[in-house]
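This is what each chain is made of:
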Amino acid sequence: MFLEKRKVGNNIYLMLVKNNVYFKNGVKKAKKDLVASFGNIANYDNGDPNFFEKLRDNFKKGIALIPELEKYIQPNEVFNKISLEDLNQYSEKNVGYLILYHLFNLLGISKVLTLEKSRKNINFDILGLVRLLVFTRFLNPNSKIKSFEQKDDFLFPITSSKNCYEIYKVLDILDKKQEAIISTINSNIEKYINRNTSLTYYDVTNYYFEIDKSDEDTQNKKGLRKIGVSKENRKSPIIQMGMFLDKNSIPIAYNLFPGNTLDTQTLRPAMKKYIDKYQLKNILIVADRGMISGSNEAHILKEGNDYLFAKSIRKSKKEIKDWVLDEADYISNEAKTFKAKSKIIEIQTRDEYGVVHKTKEKILAYWSKDFYQKELAEKQNFIETLEKYAQAPATIPNSRKRGLDKYIITTQINKKTGEVLKTAEIREVNLDKLEKENKLMGYYILATSRLEMTDDEMLSTYKGLTKIENCFRILKTNLETRPVYVRTEEHINAHFLICFIALTMMRILQNRISVNIGKDKKIKVWNEGMSSHKIQEALKEFKCLNIDNYCVFRKNKNENIEILLQALGIENNFKIQGVEILKKNMKFTLSNISR
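Rules and cut-offs
- Residues numbered from 1 in each chain as written.
- Predicted model: local features only at pLDDT ≥ 70, side-chain atom pairs only at ≥ 80, totals over all residues.
- Heavy atoms only, no water.
- Pairing = 2+ DSSP bridges.
- Helix = DSSP H or I, 4+ residues; strand = E, 2+ residues; numbered from the N terminus.
- Contact = heavy atoms within 4.5 Å.
- Axes fitted to C-alpha atoms, helices over the stretch in contact; angles between N-to-C directions.
- Core = buried A, V, L, I, M, F, W, Y, C linked by side-chain atoms within 4.5 Å.
- Buried < 20%, exposed > 50% of the residue type's maximum accessible area, 1.4 Å probe, protein only.
- Parallel < 35°, antiparallel > 145°, perpendicular 65-115°, else oblique.
- Nonpolar A, V, L, I, M, F, W, Y, C, P; charged D, E, K, R; others polar.
- Salt bridge = Lys/Arg side-chain N within 4 Å of Asp/Glu carboxyl O.
- Phe/Tyr/Trp six-rings, centres within 6.5 Å; stacked < 30°, edge-to-face > 60°.
- Lys NZ or Arg CZ within 6 Å of the ring centre and 35° of its normal.

A. Just the sheet that holds strand β11 (residues 338-350), in detail. The nine strands lie next to each other as β7-β6-β5-β8-β9-β15-β12-β11-β10, forming an open sheet whose pairing is mixed. Of all the strands in the sheet, just β7 (251-258) and β10 (331-332) have a single pairing partner and so form its edges. Here strand β5 (residues 199-208) pairs with strand β6 (residues 238-245) via eight bridges, running antiparallel. Note that in β6 the partner of Tyr 208 across the bridge is Ile 238. In this fold helix α12 (residues 318-325) packs onto β11, β12 (356-368) and β15 (443-448), with an angle of close to 165 degrees to the strand it touches most, β11. Sitting on the sheet, helix α17 (residues 489-516) is in contact with β5, β6 and β7, with an inclination near 155 degrees to β7.

B. Up close: the nonpolar core. Counting residues in each nonpolar core, the largest one holds 144 residues, and the members touching the most others are Ile 99, Phe 138, Met 505, Leu 509 and Leu 539. The element contributing the most residues to this core is α17, with 15 residues. The residues touching Met 505, leaving out its near neighbours within four places in the chain, are Leu 100, Leu 103, Phe 104, Leu 107, Val 134, Phe 135 and Phe 138. With 18 residues, the next largest nonpolar core counts Phe 38, Leu 55, Ile 73 and Ile 581 among its residues.

C. Just the sheet that holds strand β4 (residues 92-94), in detail. Taken in spatial order, the four strands of this open sheet run β4-β16-β17-β18, and their pairing is antiparallel. Only two strands of the sheet have a single neighbouring strand rather than two, namely β4 and β18 (577-578). The pairing of β4 with strand β16 (residues 543-547) spans three bridges and is antiparallel. Bridge assignment links Lys 93 to a residue of β16, and that residue is Cys 544.

D. The arrangement of unusual backbone geometry in detail. For Asn 121, which is not a glycine, the phi torsion comes out positive at approximately 55 degrees. Tracing the chain through its elements places Asn 121 in the loop between α5 (109-120) and α6 (126-139). Asn 121 sits in the exposed class, given a relative accessible area of 67%. We note that Asn 233 has phi near 60 degrees; this positive angle belongs to a residue other than glycine. Its place among the elements puts Asn 233 in the loop between β5 and β6. Taking relative accessible area as the criterion, Asn 233 reaches 70% and is therefore assigned exposed.

E. Region of the structure containing the packing of helix α8 (residues 166-176) against α17. Orientation of α8 relative to α17, taken along the N-to-C sense of each, is 80 degrees, at an axis distance of 8 Å. One way to sum up the angle between α8 and α17 is to call them roughly perpendicular. Touching Tyr 168, Leu 171, Asp 172, Leu 174 and Asp 175 of α8 are Glu 490, His 491, Asn 493, Ala 494, Leu 497 and Ile 498, all from α17. Here the residues of the contact of α8 with α17 sort into six nonpolar, two polar and three charged.

F. Region of interest: the pattern of salt bridges. Overall, the coordinates contain 27 salt bridges when judged by the stated rule. Note that Glu 327 is salt-bridged to Lys 339, the shortest N-O span being 2.6 Å. Linking Glu 327 in the loop between α12 and β10 with Lys 339 in strand β11, this pair joins segments that are twelve residues apart in sequence. Each member of the salt-bridge network shares a partner with another, and the members are Glu 4, Arg 6 and Lys 32.

G. Just the packing of aromatic side chains, in detail. In total, this model carries 16 aromatic pairs according to the counting rule given. Between the aromatic rings of Tyr 307 and Phe 309, the centroid separation amounts to 5.2 Å while the plane-to-plane angle is 20 degrees, which identifies the pairing as stacked. Under the relative-accessibility criterion, Tyr 307 is labelled buried at 0%. Three or more aromatic residues link up through ring pairs in this structure, and these residues are Tyr 97, Phe 104, Phe 135 and Phe 154. Sitting above the plane of the Tyr 208 ring, Arg 234 keeps its charged end 3.9 Å from the centroid.

H. Representation of the environment of Val 229. Its location among the elements puts Val 229 in the loop between β5 and β6. Judged by its relative accessible area of 54%, Val 229 falls in the exposed class. Taking the C-alpha atoms as reference points, Val 229 and Gly 259, 30 residues apart in sequence, are found 7.8 Å from one another.

Set out below in structure tokens:
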């Protein structure tokens, strides 16, 4: 098939024709058959004097410059003669990254980096290198140098850079533009999918470094990599990461802290840097008991927001413990495996400036059989550790001795007479103290400044913290955020920004699947869309051969990539198609798709 012009009266029409051969009276003859007429060429002419020639020549190459030609694009005759043996000479190129490419642009990151390059007159491909680092972190996580080595694995070139060490210059830029990039991402999420911050979850995790010593403090700044309480029981230096998550499980922001920073000391600085700066009001900050403090509560209330925290019963005042253990007013389920009660109390909090504030909060006490059995098993292990510590303290690592001494009674006696003397000593477990604490097993307390919340609302909202725990799991497993191979604070921050962007993209894709596919009862998807592993594998396996500027899909269609494409409103028949057509068809918006 080919394009030609035909003049009819004063108008010139654009036609698609093909040559056909027929025989008449035994004589072979040729004729042109009309395939399609596209009307007056003036309707398409962009003013270019060579418009028709470009339109015709590109059509021959399999490129449709106008939408009306797309469905007529066909592989050329040379391609039709390629054998299976010849196909094996071509390497597969990743196509799935095109989804990440367009999402990256929709989030506005490209504009931030392009503007930075223009303002600073940067002479290397900052945008392409950042895309490469984000896409490889999403699809095939590795070190920065190994990521650079993957630059030719994609259908179209991602970066023009030929020097892998330019990556480290990019990391310096990302460190400086962190807040601008996160702010832009948030603005575009709000623009395209109506970010819901009415509930904002906060939690902290930490990441280890394979180094022996902590970073030194300077006169003006604390070192970042420090020995601290590792959530993975690591002895090496760590850093703390605090993260905010919205109601739709999409990250809002992250912040890094020295590894020896207590969890409770991270919330207020993180809020000042992002939540307060973004002027988010009337939101409910939901966090675990490690975040509760009077100064945190006072700051949240001062900024016009509310909190829902878990509280430690063991650290609560005696009257609260007595109320929790008092069976009065508890409401139980039929199976007697769960019970709860609540009340409103007056409290005093001291803000960061030492000012005391009086306010009210609602506390909810509940007991769960599942929690009780879990704590009982943990208690048995704890008692075994205590007994071992009492008899042979040196056998317990220092990292596990924290808090054990308060459960140990030391008595000095004369072994022969039993007389208490200042000689030898006997160490034993304080069973009375353990017995008192055993009564509290299975009980939890939630506290909120939003007094009108029902008990059920408090419980269901608090359970949403599992969403942020899942984000941390994705970071540490699918995105392989640690171990971290860079060493300067600037490069460490840039590394986590890359991981944060990849995580945000992952959560957006999960959200689109949940919103646009989840309501289709014929297609079973997870309540958060699709697991991060399935999305990662689907995009990684979405490949084609690029033969003569045509995409050839060799593998069978992946069910998960079909679901993802459907959720984004992308149509792809997985048939042979021009590479430019494929690139164009992979574009999408983040709007909800009506069904």
